[in-house]
Each structure stands twice: as C-alpha cells, then as structure tokens.
Amino acid sequence: LALGFIGYSSLKDGCWDRVGVALKTHKPKFVQFFAPAVIEMKGAGGRTNIDLAHDHQCQVFAQVGSTVEADAAIAAGVDCLIAQGSEAGGHGLRRNLGSG
C-alpha cells in the first residue's frame, strides 16, 4: 500500500494529525510528498513531514522540481527522489531538472 501525492495543502494549518492518523490507520509502505517535498512542523523543534512518515516506518518518495529542492529533500532523509522537469506540464515551469 502506498499513500501518494501529499502536498503542502494537506499539511498546513495543523493538519499534521490527519496525516498521522492516515499513516497509522493504513500503514503504507511508501509515502510521496511534493510542492514542497519537505515541510517543517510548526512548534515541533525542526521535525518534518519526512520524520513523521519515518516514525510510521514508511519509505519517503519526494517529488522535486529543482536542484535546491532535491538537496533539501536529501538533507531531510528522503529515501527516493522523483525529479519533475518542466515537461510535466506547467508545474512551476522550472527548467533545471528537465530536458527543455
């Protein structure tokens, strides 16, 4: 089981508990985060969504659209990077990971 495509809007404004419940209830093996892939939990001493997923024994896939995002994701301890280039169809139109 995988839980994918969790973006910033799923984690903002105190929604961390909702994501934690989904991870605890469904016990996915993999989780995918994007836009941005690494988000710090407010008031949690620098803990991130990556830490939350790892707390539930999930491997973390991070969709990134720039080398800066890739570096941040690697530093946060993601298990896999998904490089999204501008070919993906208007998602940020960043060119430094795409072929265009």
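Calculation rules
Residues numbered from 1 in each chain as written. Predicted model: local features only at pLDDT ≥ 70, side-chain atom pairs only at ≥ 80, totals over all residues. Heavy atoms only, no water. Helix = DSSP H or I, 4+ residues; strand = E, 2+ residues; numbered from the N terminus. Buried < 20%, exposed > 50% of the residue type's maximum accessible area, 1.4 Å probe, protein only. Contact = heavy atoms within 4.5 Å. Areas by Shrake-Rupley, 256 points an atom, 1.4 Å probe, with all protein chains shown as cover. Polar contact = N/O pair within 3.5 Å; in protein donor to acceptor, adjacent residues only side chain to side chain.

Visitor: Where do I start with the overall build of the chain in this structure?
Guide: Of regular secondary structure, the chain possesses four helices and four strands. Walking the chain from its N terminus toward its C terminus, one meets helices and strands in the order β-α-α-β-α-β-α-β. A burial count over the chain gives 33% of its 100 residues as buried. Intrachain contacts of the chain at a sequence separation of at least 6 include 52% that bridge at least 24 residues. For the chain, the computed accessible surface area is about 5800 Å², with 55% contributed by carbon and sulfur atoms.

Visitor: Before we go on, may I ask you to explain the side chain of Gln 32 in this structure?
Guide: Residue position: Gln 32 is located in strand β2 (residues 30-34). Residue Gln 32 is classed as buried on the basis of its relative accessible area, which comes to 17%.

Visitor: Help me out: how do you make sense of the environment of Gln 57 in this one?
Guide: Mapped onto the secondary structure, Gln 57 falls in the loop between α3 (49-55) and β3 (59-64). Looking at Gln 57, the relative accessible area reads 66%, which means it is exposed. Sequence separation between Gln 57 and Lys 24 is 33 residues; the distance between their C-alpha atoms is 9.8 Å. Within the structure, the side chain of Gln 57 is placed 3.2 Å from the backbone oxygen of Asp 55, a separation counted as a polar contact.

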